[in-house]
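Inside the fold
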Amino acid sequence: MADGTRSLRGGSPASSPVLGGRGRAAVVAAAAAAAGGSIPPGHGFRRVTLTKPTFCHYCTDFIWGLAGYQCEVCNFMSHEKCLKNVKIPCSCIAPSLVRVPVAHCFGPPGHYKRKFCTVCRKSLESPAFRCEVCELHVHTDCILFACSDCRQCHQDGHQDHDTYHHHWREGNLSSSARCEVCKKTCGSSEVLSGMRCEWCGILAHAACYIIVTPECTFGRLRNMILPPSCVRLFSRNFSKLHCFRISENLQTESDEDDDVDGSTQGSAKDVQISTDSSKQTLKIFDGNDAVKRNQFRLISVPRIAKNEEVVEAALRAYYINDDQQEYELQTFTQQALLSDDVINRNDAAEDSNLGSVFRESVPEAWIIRAKPKDEEVIRIYPAWLKVGMAYVSLRVNKDSTTQTVIKEVLPLLGRQTECLQNFKLVEVLMGSKQVQRMVLDNQELILNRLKDIRKTSIRQMNQTRFYIVENSKSIVRVNLFVGGLPPQLSPEEYTNILKDELAIKTNVVSVSHVYQAQGAVVLEISCFSEAERIYMLVKDTTVNDKPLNAVVIPEVMASKVPQNCCPLLVFVNPKSGGLKGRDLLYSFRKLLNPHQVFELTNGGPLPGFHTFSKVPSFRVLVCGGDGTVGWVLGALEEIRHKLVCSEPSVAILPLGTGNDLGRVLRWGAGYSGEDPYSILVSVDEADDVLMDRWTILLDAEEPAEGAENGVAEPEPPKIVQMNNYCGLGIDAELSLDFHHAREEEPGKFNSRFHNKGVYVKVGLQKISHTRNLHKDIKLQVDQHEVELPSIEGLIFINIPSWGSGADLWGSESDNRFEKPRIDDGLLEVVGVTGVVHMGQVQGGFRSGIRIAQGSYFRVTLLKPIPVQVDGEPWIQAPGQIIISAAGPKVHMLKKSKQKQKKTGSLREVRVDSMSVSEGGR
């Protein structure tokens, strides 16, 4: 953009003698109402000359000609004809429009093509942040200016309500997105444009969304979403990452740079140090906190600029559209509050002899300060009292204290008859990463408090509110899941271990639930600081050389779950399918309530089942390989008796290598980037089927090696669960070799193609191998001895898919056996003669050798033999293997055949439903 030729500013803050500087939002709103909506909300537009192709942020059309109008603060670009219709507020007043302040949950920085920053509206060309809970994208240097307007996913005891409105987020829509109101295209890949509700996914133009019914029904996925009104979580001292159980392994790297270098690097992106002799680049700090953290913004101004122009440019750099006459610039040498160590820390010693405002060698460092006031108007928000008004304005002077403010506010709220001692004034800092609350002392001078906030940071002043709150005895109850403890202990023994290792305070900490078989407990803590201390200490604690793990879990209030709601409990294994597991975590957190999405590497399946233990009806989606599915089904079997919904149906999103169970249930051979929204719709429409599960008892008779005093003790019996198949011999030997190769170089095993290549390689190495397995084992089926043919591998199959989709049993009819089904209570026994035979089966040229079909099996091993169950291999010592049915059948979800025909229409309903590949577009 070239230099501006004239300025168009609506509702100057100087025109309001009542509200002064911070009343910009109210002034603009009043002016817009008086002008019939013709003045844009909070923007400061100026006419600019266009030097490159530019699109309007309102109508998304190309701006023809050489002139357009750009907001000096947030870079909103518009046609002249569109100015009167602009409804999107400027970033400078966005904090004042937040209904319920909720902090964002930023993940590690990444590259997001075709995305735009919500604050400065520019494209994300450099590494940027995105919220893991909502669709907010923001530059590294803009993160401090982002509003705390994330989705409210639970009740926290502050502003709880049962009716939910649409949660609108602007921009980053697909170019094919269509408005729900006018049915026209509302998305753009060129600018930040269009609106989307982050709960129901409804799309609309910025001009159309205001006429949409405000109540949100959660859209097509309403029956699968856990309503926020049903979830309670007291999370004052915990970060959003902890609340939503998001791994911090990648987050730690970005956090170290965020506080120190983020603003510096980002500001250099916007304002390059000018080589033009008529320009001067300045460093601008917004307060003492920015000086200590070395967080500054760069501005470029003409060398002949007036002081007022420099102040105005500095305010724009910090997204503040106040009257520049209320602020002034000061150098470090004029700062009485800055100690020498702070000056030295910021390399300001060399600048201490600044004479002129303009120098020619290096950027100068200045601090923008608010001029002191004798009185001003503040806003008091009574939202927690639910009185039906947004805020009340109150004039305060140098004698106004917290108590006098409460006394003056209560009559304005219709509460003049109530006692002052029943209320308190709370200062709320609405930071993008954390919403901080502080109760003000009754005798604190309000003007002094405002002065201190502005001295710390004028940006923070723009993000600070004052709430009047009723005093009440708030009940604090933090639920902390602690795993990794020794199994099969009593509650008293677990309490003693926690006392010894974590020094828990029994007056505020109690054990509410015990899972003895899994070695886990749930702690109920009535003190925030104690909960935070225990959570952080658990990470560095080991018991019996086994590390403990802690997970903050929410409380689901089952009585508030709607009757027709069957929420989906999602388990994702981020280690499966390369990086697709992590992308799916992000997508499902966006599409559902993040509290119903659990990462299996963070405590396993038990925290999720405990969270849903009181939900009357729910379904489960497991994202991972067959091993992950078996893990979740095993945990479900162990905890089933403690669930109100003891038989939830389980769906599969296959992320592994073989994915045989996913193939049988029609979920596909493996996930390849399908739309996560369509996957959830498929789960909702899936059919409920039953599947057998089997218990395998491994009883080794050979003495364990290394017995003391020459007395040999046999290995204790071992029990494992089987869902798909169990193999002995060459099949298990190949799995074992693959397992060893993966353990040696785990980083290489992140794609199905590579994994199958390794299987082929180890198979070729065994092609000349001969093992007379039929001589080393004996088989008994339903109490009858079965003579084995000459084979190298014996496989028990429960589903009609083996080795990545091969039909080992075959489709030929045989009068000796029944037609196999996954719920017939029978296993099929098949033999293979070697690697070549297995390859022929994989290619569909042959089937296995049918040996038997039954419900009870006893295998006698005469020598050590490789064994694998659902892809988990080991060497089994000589002894007995007994296979029998494992209690009740498990409920699974089978994808409906008709689903394929509906996919197209579903994509039209939600055309931009967070594709997992968005980061690489």
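Check the entry above for the structure.
Residues take numbers from 1 onward in each chain, read along the sequence in its written order. Two thresholds apply to this predicted model, a pLDDT of at least 70 for residue-level local features and 80 or more for giving and counting side-chain atom pairs, whereas whole-chain, interface and lining totals are computed over all residues. Side-chain numbers here rest on the full set of heavy atoms in the structure, without hydrogens or water.

1. Focus on the overall build of the chain
Only DSSP runs of H or I covering at least 4 residues are called helices, and only runs of E covering at least 2 are called strands; the numbering of each starts at the N terminus. From N to C terminus, the chain includes 22 helices and 44 strands. Burial classes follow relative accessibility: with a 1.4 Å probe on protein chains only, a residue under 20% of its type's maximum area counts as buried, one over 50% as exposed, and anything between as partly exposed. Counting across all 921 residues of the chain, residues that qualify as buried make up 55%. What makes two residues a contact is simply this: any of their non-hydrogen atoms within 4.5 Å. In the chain, once contacts between residues fewer than 6 apart in sequence are set aside, the share between residues at least 24 apart is 71%. Only the protein chains shown count as cover for residues, and all accessible areas are computed by the Shrake-Rupley method using a 1.4 Å probe. Summing over all exposed atoms, the chain offers an accessible surface of approximately 39,900 Å²; the carbon and sulfur share of this is 49%.

2. A look at a nonpolar patch on the surface
Patch definition: residues with relative accessible area over 30% and no salt bridge; like charges joined within 9 Å; nonpolar side chains (Val, Leu, Ile, Met, Phe, Trp, Tyr) joined within 5 Å. One side-chain nitrogen of Lys or Arg within 4 Å of one carboxyl oxygen of Asp or Glu is enough to make a salt bridge. There is a patch of nonpolar side chains on the surface, built from Val181, Ile210 and Ile211 and spanning about 280 Å² of accessible area. As for its placement among the helices and strands, Ile210 is situated in the loop between β9 (203–204) and β10 (231–232). Under the relative-accessibility criterion, Ile210 is labelled partly exposed at 48%.

3. Notes on the sheet that holds strand β19 (residues 464–470)
The 5 strands are arranged β16-β15-β19-β17-β18 in an open sheet whose pairing can be described as mixed. The open sheet has two edge strands with one neighbour each: β16 (392–397) and β18 (435–439). Each strand of the sheet is rotated relative to its neighbour by a mean of 35°, with strand direction disregarded. All axes here are fitted lines through C-alpha atoms, helices being fitted over the stretch that makes contact, and every angle between N-to-C directions spans 0 to 180 degrees. Most of the contacts of helix α8 (residues 402–412) go to β16, to which it runs at about 150°, and overall it touches β15 (375–381), β16, β17 (423–430) and β19. Most of the contacts of helix α9 (residues 446–456) go to β15, to which it runs at about 90°, and overall it touches β15, β16, β17, β18 and β19. Here, any two strands with at least 2 DSSP bridges between them count as paired.

4. Some points on unusual backbone geometry
Backbone geometry at Arg114 places phi at a positive 60°, although glycine is not the residue there. Of note, Arg114 is situated in the loop between β4 (77–78) and β5 (128–130). At Gln783, a residue that is not glycine, the phi angle is positive and equals roughly 70°.

5. Some words on helix α12 (residues 528–538)
Along α12, the positions that sit buried rather than exposed are Phe528, Glu530, Ala531, Ile534, Tyr535 and Val538. Buried residues of α12 fall within an arc of 165° about the axis and therefore sit on the same side. Packed against the buried residues of α12 are α2 (240–243), β20 (478–483), α11 (491–502), β21 (509–515), β22 (520–525) and β25 (549–553). It is the directions from the helix axis to the C-beta atoms whose arc is reported.

6. Quick notes on the side chain of Thr401
Positionally, Thr401 belongs in the loop between β16 and α8. Thr401 has contacts with Asn442, Gln443, Glu444, Leu445 and Ile446, leaving out every residue within four places of it along the chain.

7. Some details on the packing of aromatic side chains
Pairing of aromatic side chains requires ring centres within 6.5 Å, counting the rings of Phe and Tyr and the six-membered ring of Trp. Pairs whose planes differ by under 30 degrees are stacked, by over 60 edge-to-face, and all others tilted. A complete count under the given rule lists 17 aromatic pairs for this structure. Ring geometry for Phe796 versus Phe857: centroids 5.3 Å apart, planes at 70°, classification edge-to-face. Note that Phe796 is positioned in strand β37 (residues 793–797) and Phe857 in strand β40 (residues 856–861), a separation of 61 residues in sequence. Note on accessibility: Phe796 and Phe857 belong to one class, buried.

8. Quick word on helix α17 (residues 676–685)
Extensive coverage of α17 is indicated by the burial of 8 of its 10 residues. Those residues of α17 not exposed but buried are Pro676, Tyr677, Ser678, Ile679, Leu680, Val681, Ser682 and Val683.

9. Regarding the pairing of strand β41 (residues 865–869)
β41 sits mainly inside the fold: 5 of its 5 residues count as buried. Of the two faces of β41, the one lined by Ile865, Val867 and Val869 and the one lined by Pro866 and Gln868 are each fully buried. Here strand β34 (residues 725–729) pairs with β41 via 3 bridges, running antiparallel. The residue bridging Leu728 from the neighbouring strand is Val867, located in β41. Across 5 bridges, the pairing between β41 and strand β42 (residues 872–876) is antiparallel. Within β42, the position partnered with Gln868 by the bridge is Pro873. Linking β41 back to β42 in an antiparallel pair, the connection comprises 2 residues, with Asp870 at a positive phi of about 55°.

10. Comments concerning the nonpolar core
Definition of nonpolar core: a set of buried residues of the types Ala, Val, Leu, Ile, Met, Phe, Trp, Tyr and Cys, connected through side-chain atoms within 4.5 Å. In this structure, Phe588, Phe609 and Leu621 are the most contacted members of the largest nonpolar core, which totals 149 residues. Apart from residues lying up to four places away in sequence, Phe609 is in contact with Leu569, Phe571, Val620, Val632, Ala635, Leu636, Ile639 and Leu643. If you look at the next biggest cluster of nonpolar residues, it comprises 30 residues, including Val482, Leu502, Val509 and Val552.

11. Comments concerning the pairing of β25
Counting buried positions over the 5 residues of β25 gives 4, a clear majority of the element. By the bridge criterion, 5 bridges tie β20 to β25 in an arrangement that is antiparallel. Its bridge partner being in β25, Gly483 is matched across the sheet by Asn549.

12. Focus on the sheet that holds strand β13 (residues 327–331)
Strands sit in the order β12-β11-β14-β13 across an open sheet of 4 strands; the sheet is mixed. The open sheet terminates on both sides in strands that have one partner only, identified here as β12 (297–302) and β13. For this sheet, the mean angle separating the axes of adjacent strands, direction not counted, is 40°. Sheet strands in contact with helix α6 (residues 307–317) are β11 (279–285), β12, β13 and β14 (364–370), and its direction is about 150° off that of β12.

13. Quick look at the pattern of salt bridges
Here the structure, examined in full by the defined rule, presents 31 salt bridges. Note that Glu418 is salt-bridged to Arg415, the shortest N-O span being 2.4 Å. Among the salt bridges present, the one from Arg850 reaches Asp814, with a minimum N-O distance of 3.7 Å. Within this pair, whereas Arg850 is found in strand β39 (residues 849–854), its partner Asp814 is found in the loop between β37 and β38 (827–832), the two being separated by 36 residues in sequence. Since its relative accessible area comes to 14%, Arg850 is described here as buried. Among the residues examined, Asp814 registers a relative accessible area of 22% and is labelled partly exposed.

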